[in-house]
Amino acid sequence: MKKIISVVGARPNFMKIAPLERELKRRPEIEKFIVHTGQHYDKDMSDVFFEQLGLPKPERSLGVGSGGHGAMTGRIMIGFEKACLEIKPDLVIVVGDVNSTIAASLVARKLFIPVAHVESGLRSFDETMPEELNRRLTDCLSNLLFVSEPSGMLNLEREGADMGRVHLVGDIMLETLQMFLPVINGATAWKKFGLEVDEYCLITIHRPSNVDTREALSEVLDIIEATPFPKIFPIHPRTIKKIEEFGFTERIAAIPDFIQAPPQPYTNFLSLLQGCKLIISDSGSVQGEASFFDKPCLVCRENTERPFYQEYGTSKLIGRSLSLFEKAVGEIQAGSYPRSTNEVREIGSHVGRRVVDVIAAFLNQ
Ligand code: UD1
C-alpha cells in the first residue's frame, strides 16, 4: 500500500485539501495521512474549518504556532522531518504558498520523498511578498506541479520547468466552493449581522504590506471610511494586533455602519460573499471566489498572482488608491462594473480528481 501525506498549516490550506481528501477516499490502495503544522492554531483560524469541511482529524499536529519566518519555518521543518521518518510516505502533497508549504517541501525532498504541489505556477512577481518566494521555491522542489490557471503554465515554461511534470488542472479552491454550494446557498449569514442582501460591503485585509506599517493601515482605513455602504470586516488576528498597536481602535469604532466580526468559518464567509454588493480584499483566493459569485472584488494590492480573475472575473487591482476605489464604486453604482464570465464557472471542475489520477499513475510507475 502506498502512503501519502497531505500537509496543511494555514487557513487557506484547509479548503484546498477537501477535494483531494474526497478523491483519495476512492482509492483504497492509497493510505492517506494529514499533517497539520499548526501555523494557524486559533479555533476560528483552524479547528472550525476542519469541522465545516468534514476533514478527518490530522494524524499529526506539529503545533508550531506563530513567530518570525525563520523560527516558524525551522520549527515546521524539525517537526515534519520527524513525521516523515515515522510515517515513511511515498509522496507528500503540499498546497498553496504559505510557510508550511515551502518548509514541508524542502524536508520531503531532502529525504528523497517526491513532492506534489497543488496551485503551482502562480506568480505575483513581487518578491516583497513572502508567498512569492514560497511559491517559486516550492515549484523548484516539486516533482509534480498542478497548475490552477493558464498564467501558471506560461510562468513555469518561462522559468524552464520540466513541462512533462506540469499539469493544468484548474482552481481547486473553486471546486471546494462548489462542493459546499448547497450549504452556502442555505446559509444567509448576513441576516445574523442585520445586513440586507446586495447592500453591504465585505472586507478582508491582512497582508503585511497593508497592515504592518501605520501609514499603510491608515490608507486602508481611509478606503473603508469612504465606502458608501454598510460594511462588515471579519478581522484576521494579524490585523487586530496592528490596529491596537497603531492606536486605531477608536478610529475603527467611529466608522458609521461598520461591523467588526471575528474571522468567519468557511461557509459563513462564503455566504457573506455571496450576499454582498462588493468586497474589498487583499486575499489571493477570494479573487476567485468573488468572481464565482460575480461580486466586484476591489483588491488592495499592486499586483496579483491570479491574472485569470482580472481577465475573466471580477477582480480589479486598486492598491490603496482612494481615487481608483471611488472610480470602481462609481462603476458598481452605475451598473457598468465588469461581470464574471463562464470561464470562471468552469475552472473549478474535477480538479481533485485530475490531481489524484496523476498522483496514482506516478506512484504506480
Ligand atoms: C498566512 C500566510 C498568508 C495567508 C494567511 C491567511 C505565510 C507567509 N502567510 O499569513 O499567505 O494569506 O496566512 O490567513 O504563510 N495568529 C493568531 N492566531 C492564529 C494564526 C495567526 O493569533 O491562529 C497571529 C499571530 O500573531 C501571527 C500573525 O497572526 O504572528 C500572523 O500569522 P502568520 O501565520 O504568521 O501569517 P498570516 O498573516 O496569517
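Above this text is the structure in question.
Residues numbered from 1 in each chain as written. Predicted model: local features only at pLDDT ≥ 70, side-chain atom pairs only at ≥ 80, totals over all residues. Heavy atoms only, no water.

(A) Representation of the nonpolar core. Counting 59 residues, the largest nonpolar core has L20, L53, I93 and I359 as the members making the most contacts within it. Discounting residues that sit within four places of it in the chain, I93 has contacts with I4, I5, S6, V7, L20, L24, A116, V118 and I359. In terms of nonpolar packing, the next biggest core, distinct from the first, is built from 28 residues, V211, F229, F248 and I332 among them. (Core = buried A, V, L, I, M, F, W, Y, C linked by side-chain atoms within 4.5 Å. Buried < 20%, exposed > 50% of the residue type's maximum accessible area, 1.4 Å probe, protein only. Contact = heavy atoms within 4.5 Å.)

(B) Structural context of the sheet that holds strand β7 (residues 166-168). Strands sit in the order β3-β2-β1-β4-β5-β6-β7 across an open sheet of seven strands; the sheet is parallel. The sheet is open, and its two borders are formed by β3 (60-61) and β7, each paired with just one other strand. As paired strands, strand β2 (residues 30-36) and β3 are joined by two bridges and run parallel to one another. Residue pairing in the sheet places H36 in a bridge with S61 of β3. Against the sheet, helix α5 (residues 130-141) contacts β4 (91-95), β5 (115-120) and β6 (144-147), and its axis sits at roughly 140° relative to β5. (Pairing = 2+ DSSP bridges. Helix = DSSP H or I, 4+ residues; strand = E, 2+ residues; numbered from the N terminus. Axes fitted to C-alpha atoms, helices over the stretch in contact; angles between N-to-C directions.)

(C) Expanded view of the sheet that holds strand β8 (residues 201-204). The six strands are arranged β10-β9-β8-β11-β12-β13 in an open sheet whose pairing can be described as parallel. The open sheet terminates on both sides in strands that have one partner only, identified here as β10 (258-261) and β13 (315-317). The mean angle between the axes of side-by-side strands here comes to 20°, regardless of whether they run parallel or antiparallel. Taken together, the four bridges between strand β9 (residues 231-234) and β10 define a ladder with parallel strand orientation. Across the sheet, the residue bridging to I232 is I259, located in β10.

(D) How the structure looks around unusual backbone geometry. Positive phi, normally seen in glycine, also occurs at E119, with a value near 90°. Within the secondary structure, E119 is located in strand β5. A positive phi is found at D257, a non-glycine position, where the angle reads about 55°. With respect to the secondary-structure elements, D257 resides in the loop between α13 (249-253) and β10. Relative accessible area serves as the criterion here: at 55%, D257 is assigned to the exposed category.

(E) Layout of the state of the cysteines. In the structure shown here, the tally under the stated rule is zero disulfides. In this structure C201 is not part of a disulfide, and its nearest cysteine sulfur, from C276, lies 7.2 Å away. The thiol sulfur of C297 is not disulfide-bonded, and the nearest other cysteine sulfur, from C276, lies at 8.8 Å. (Disulfide = S-S within 2.5 Å.)

(F) Seen up close, the site of the ligand. Near the ligand lie 21 residues; those nearest to it are Q39, H40, E131, R238 and K241. At 2.5 Å from an oxygen atom of the ligand is found a side-chain nitrogen or oxygen belonging to E131. Contact with the protein chains removes 90% of the 740 Å² of surface that the ligand exposes when unbound. Within the residue set of the shell around the ligand, elements represented by two or more residues are α1 (11-25), α3 (69-87), α5 and α12 (237-245). Considered class by class, the residues forming the shell around the ligand number eight nonpolar, seven polar and six charged. (Near = heavy atom within 4 Å. Polar contact = N/O pair within 3.5 Å; in protein donor to acceptor, adjacent residues only side chain to side chain. Areas by Shrake-Rupley, 256 points an atom, 1.4 Å probe, with all protein chains shown as cover. Nonpolar A, V, L, I, M, F, W, Y, C, P; charged D, E, K, R; others polar.)

(G) View of the packing of α3 against helix α4 (residues 99-110). α4 packs onto α3 with a crossing angle of 45° between their chain directions and a minimal axis gap of 9 Å. Between α3 and α4, the angle is such that the two are oblique. In this structure, α3 crosses over α4, and the sense of that crossing is right-handed. For the pair α3 and α4, the contacting residues are H69, M72, T73, I76, M77, F80 and E81 in the first and N99, S100, A103, A104, L106 and V107 in the second. Residue composition of the contact of α3 with α4, by class: eight nonpolar, four polar and one charged. (Parallel < 35°, antiparallel > 145°, perpendicular 65-115°, else oblique. Left-handed = near helix turned anticlockwise from the far one by under 90°.)

(H) Expanded view of the packing of aromatic side chains. Within this structure, the stated rule accounts for eight aromatic pairs. Summarising the aromatic geometry, the rings of F14 and F50 are spaced 5.2 Å apart at their centres and angled 55° between planes, so their arrangement reads as tilted. With a gap of 36 residues between them, F14 in helix α1 and F50 in helix α2 (residues 43-53) connect regions that are remote in the sequence. Here the two residues F14 and F50 agree in accessibility, since each one is buried. Arranged with centres 4.9 Å apart and planes meeting at 45°, the rings of F308 and Y312 form a pair that is tilted. Residue class for F308 comes out buried when judged on its relative accessible area of 7%. For Y312, a relative accessible area of 25% puts it in the partly exposed group. An aromatic cluster is defined as three or more aromatic residues linked by ring pairs; in this entry it consists of F14, F49 and F50. For R251, the ring lying beneath its charged end belongs to F248, and the centroid distance is 5.5 Å. (Phe/Tyr/Trp six-rings, centres within 6.5 Å; stacked < 30°, edge-to-face > 60°. Lys NZ or Arg CZ within 6 Å of the ring centre and 35° of its normal.)

(I) Focus on the pattern of salt bridges. Under the defined criterion, the tally for this structure stands at 32 salt bridges. A salt bridge links R135 to E305; the shortest N-O distance between them is 3.4 Å. Taken together, the residues span a long stretch of sequence, with R135 in helix α5 and E305 in the loop between β12 (297-299) and α16 (308-311) at a distance of 170 residues. Like E305, R135 is buried. Residues joined in a network through salt bridges with shared partners are K16, D97, E119, R123, E132, R135, R136, D139, E159, R301, E305 and R306. (Salt bridge = Lys/Arg side-chain N within 4 Å of Asp/Glu carboxyl O.)

On their own, these measurements won't tell you what the molecule is for.
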